[in-house]
Amino acid sequence: MPLENMKSMLSKAAAERYAVGAFNILDYNSTKAVVAAAEELNAPVIIQTSAKTVIFWGTSAIMCWMKELAASSKVPIALHLDHCKDLGLIKECIETGWTSVMIDASSKPFEENLALSRQVVDMARPKDVTVEIELGAIVGVEDDIHVKEQDAHLADPEQAVKLCSRAEPDCFAPAIGTAHGVYKGEPKIAYDRLEEIAKRTSIPIALHGGTGLSDDVFTKCISLGCAKVNISTQLKYAFIDGFVTYHNQHNTEYNPLKVIDAQFDQLKGGIVEKITLFGGTCNSHRGLCT
Ligand code: 13P
């Protein structure tokens, strides 16, 4: 199937109260692992690229392997640019064929965030590309964005309503107490705020900082309106651990394809668990099977 944008996959997920997993890939092998996991479960999936990953490989190389994997797949796949502050890179991704982009202007004053978010929506919509925007400050490190604990703050519901009604995004990422990277201690999720924002904006919510959250937290956030769940750090760990563990167990072998296979299996296993937990699979009788 050709790549598609996030519009119908997220509205269906929001309506049926499951979430589509959005996984930050690192290379061809990790992309293959995400697609294979989604196919095994017959579930839609979002492949996310951080701005750093896009710059590392270049837009045309990523698009080449994405097109090839999507063409032979029977599940809906969106290609989404995660947290991007650079309008030039957003434009390049849209022109190269990304079907979805995120403008992260959340560190700017409110009116500037609104203006930039709207500008990206106006750039993307004529090309049928969906847009995610952010409000508040999510603690932790994602790509080149570092937010210290003392600078983190939750999204304000009044501002969320104003931002979404004027910028008209397809997906909204309010800071609700989750963190990018590894959690230090128990996360304090502002469920009331999530519920209020989801109800008042009526836009599918993206849950950032998925790595390390408990099953109960995922289930509750999804029941309150999170239709997209972002997972990045988990893939970084599986990517390296898959490689290293195999080599430690077979340290005289030096057969790179076997190491790549072990890495693929480690990545895919974790992704299957998450997609299953998020609920959009045939076994849950939702998602593609309804
Ligand atoms: P984690 O790295 O905590 O999984 O967060 C991913 C994310 O939110 C990407 O935008």
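Here, every reference points to the structure presented above.
Residues numbered from 1 in each chain as written. Predicted model: local features only at pLDDT ≥ 70, side-chain atom pairs only at ≥ 80, totals over all residues. Heavy atoms only, no water.

Trainee: How do you make sense of the overall build of the chain when you look at a structure like this?
Mentor: Helix and strand counts for the chain stand at eleven helices and eleven strands. Judged by the C-alpha coordinates and their principal axes, the chain covers about 60 × 40 × 40 Å. Relative to its 290 residues, the chain shows a buried fraction of 56%. Pairs at least 24 apart in sequence give 73% of the contacts found in the chain among residues at least 6 apart. Separation of charge centres in the chain, based on 28 positive and 37 negative side chains, amounts to 3 Å. (Helix = DSSP H or I, 4+ residues; strand = E, 2+ residues; numbered from the N terminus. Buried < 20%, exposed > 50% of the residue type's maximum accessible area, 1.4 Å probe, protein only. Contact = heavy atoms within 4.5 Å. Lys, Arg positive; Asp, Glu negative; His and termini not counted. Charge placed at Lys NZ, Arg CZ, Asp CG, Glu CD.)

Trainee: Sorry, what's going on with the site of the ligand here?
Mentor: Taken together, 15 residues surround the ligand, and among them Asp82, Gly209, Thr211, Ser232 and Thr233 come closest. Within the side chain of Asp82, one N or O atom sits 2.7 Å away from an oxygen atom of the ligand. Between the ligand and the protein, one listed contact pairs an oxygen atom with a backbone N or O atom of Gly181 at 3.1 Å. Surface burial for the ligand is 100%, taken as the share of its 300 Å² of free accessible area covered by protein chains. (Near = heavy atom within 4 Å. Polar contact = N/O pair within 3.5 Å; in protein donor to acceptor, adjacent residues only side chain to side chain. Areas by Shrake-Rupley, 256 points an atom, 1.4 Å probe, with all protein chains shown as cover.)

Trainee: What should I look at first to understand the side chain of Gln234 in this one?
Mentor: One can find Gln234 in helix 10 (residues 233-249). Residue class for Gln234 comes out buried when judged on its relative accessible area of 17%. Ignoring sequence-local partners within four residues, the contact set of Gln234 consists of Thr211, Gly270, Ile271 and Lys274.

Trainee: Would you mind showing me how to read a nonpolar patch on the surface here?
Mentor: On the surface, Ile240, Phe243, Val244, Leu257 and Ile260 cluster together to form a nonpolar patch covering roughly 450 Å² of accessible area. Where the nonpolar patch is concerned, the elements lending two or more residues are helix 10 and helix 11 (256-278). At three residues, the largest contribution of residues to the nonpolar patch is made by helix 10. One can find Ile240 in helix 10. Given a relative accessible area of 52%, Ile240 falls into the exposed group. (Patch = residues over 30% accessible without salt bridge, like charges linked within 9 Å, V, L, I, M, F, W, Y side chains within 5 Å. Salt bridge = Lys/Arg side-chain N within 4 Å of Asp/Glu carboxyl O.)

Trainee: Sorry, what's going on with the side chain of Glu132 here?
Mentor: By the secondary structure assignment, Glu132 is in strand 5 (residues 130-135). For Glu132, a relative accessible area of 0% puts it in the buried group. One polar contact links Glu132 to His80, side chain to side chain, over a distance of 3.2 Å. One polar contact links Glu132 to Lys228, side chain to side chain, over a distance of 2.6 Å. Those residues in contact with Glu132 that lie beyond four places of it in its chain are Met6, His80, Val101, Met102, Ile103, Cys171, Ala173, Ala206, His208 and Lys228.

Trainee: What is the right way to look at the pairing of strand 3 (residues 77-84) in this model?
Mentor: Two faces make up the sheet, and in a regular strand the side chains alternate between them. In terms of residue burial, strand 3 counts as a mostly covered element, since eight of its eight residues are buried. Here strand 2 (residues 45-49) pairs with strand 3 via five bridges, running parallel. For Gln48, the partnering residue across the bridge sits in strand 3 and is His80. Of the pairings in the sheet, the one linking strand 3 to strand 4 (residues 100-103) comprises three bridges and is parallel in character. Across the sheet, residue His80 finds its bridge partner in strand 4, namely Ser100. Regarding topology, helix 5 (residues 87-96) serves as the crossover connection from strand 3 to the parallel strand 4, and that connection is right-handed. (Pairing = 2+ DSSP bridges. Right-handed = clockwise from strand over helix to strand, strands pointing away.)

Trainee: Please explain the pattern of salt bridges as it appears in this structure.
Mentor: This model, assessed by the stated rule, comprises 13 salt bridges. For Glu95, the salt bridge goes to Lys91, with nearest N and O atoms at 3.3 Å. Taken together, the residues Glu95 and Lys91, both in helix 5 and four residues apart, mark about one turn of the helix. Residue classification places Glu95 among the exposed positions, given a relative accessible area of 54%. Overall, Lys91 belongs to the partly exposed group, its relative accessible area being 43%.

Trainee: Which parts of the structure should I look at to understand the packing of aromatic side chains?
Mentor: Aromatic rings considered in pairs are described by the distance between their centres and by the relative angle of their planes. Scanning the model with the defined rule gives four aromatic pairs in all. Consider the rings of Phe56 and Trp57, whose centres lie 5.0 Å apart with planes at 80°: the pair is edge-to-face. Residue Trp57 is classed as partly exposed on the basis of its relative accessible area, which comes to 37%. Put simply, the rings of Tyr28, Phe56, Trp57 and Trp65 touch in pairs and so form one group of aromatic residues. Positioned above the aromatic ring of Phe264, the side-chain terminus of Lys32 is 5.6 Å from the ring centre. Its end group placed over the ring of Tyr191, Lys220 keeps NZ or CZ at 4.4 Å from the ring centre. (Phe/Tyr/Trp six-rings, centres within 6.5 Å; stacked < 30°, edge-to-face > 60°. Lys NZ or Arg CZ within 6 Å of the ring centre and 35° of its normal.)

Trainee: I keep staring at the packing of helix 5 against helix 6 (residues 110-124) and nothing clicks. Help me out?
Mentor: What describes two packed helices is the angle between their axes and the distance between those same axes. Between helix 5 and helix 6, the shortest axis-to-axis distance is 11 Å and the interhelical angle comes to 20°. In terms of orientation, helix 5 and helix 6 fall into the roughly parallel class. When you trace helix 5 past helix 6, the crossing you get is right-handed. Every residue of helix 6 that contacts helix 5 at Leu87, Ile90, Lys91 and Ile94 is listed here: Leu116, Gln119, Val120, Met123 and Ala124. Across the contact of helix 5 with helix 6, the residue classes break down as seven nonpolar, one polar and one charged. (Axes fitted to C-alpha atoms, helices over the stretch in contact; angles between N-to-C directions. Parallel < 35°, antiparallel > 145°, perpendicular 65-115°, else oblique. Left-handed = near helix turned anticlockwise from the far one by under 90°. Nonpolar A, V, L, I, M, F, W, Y, C, P; charged D, E, K, R; others polar.)

By themselves, these figures tell us nothing about what the structure is for.
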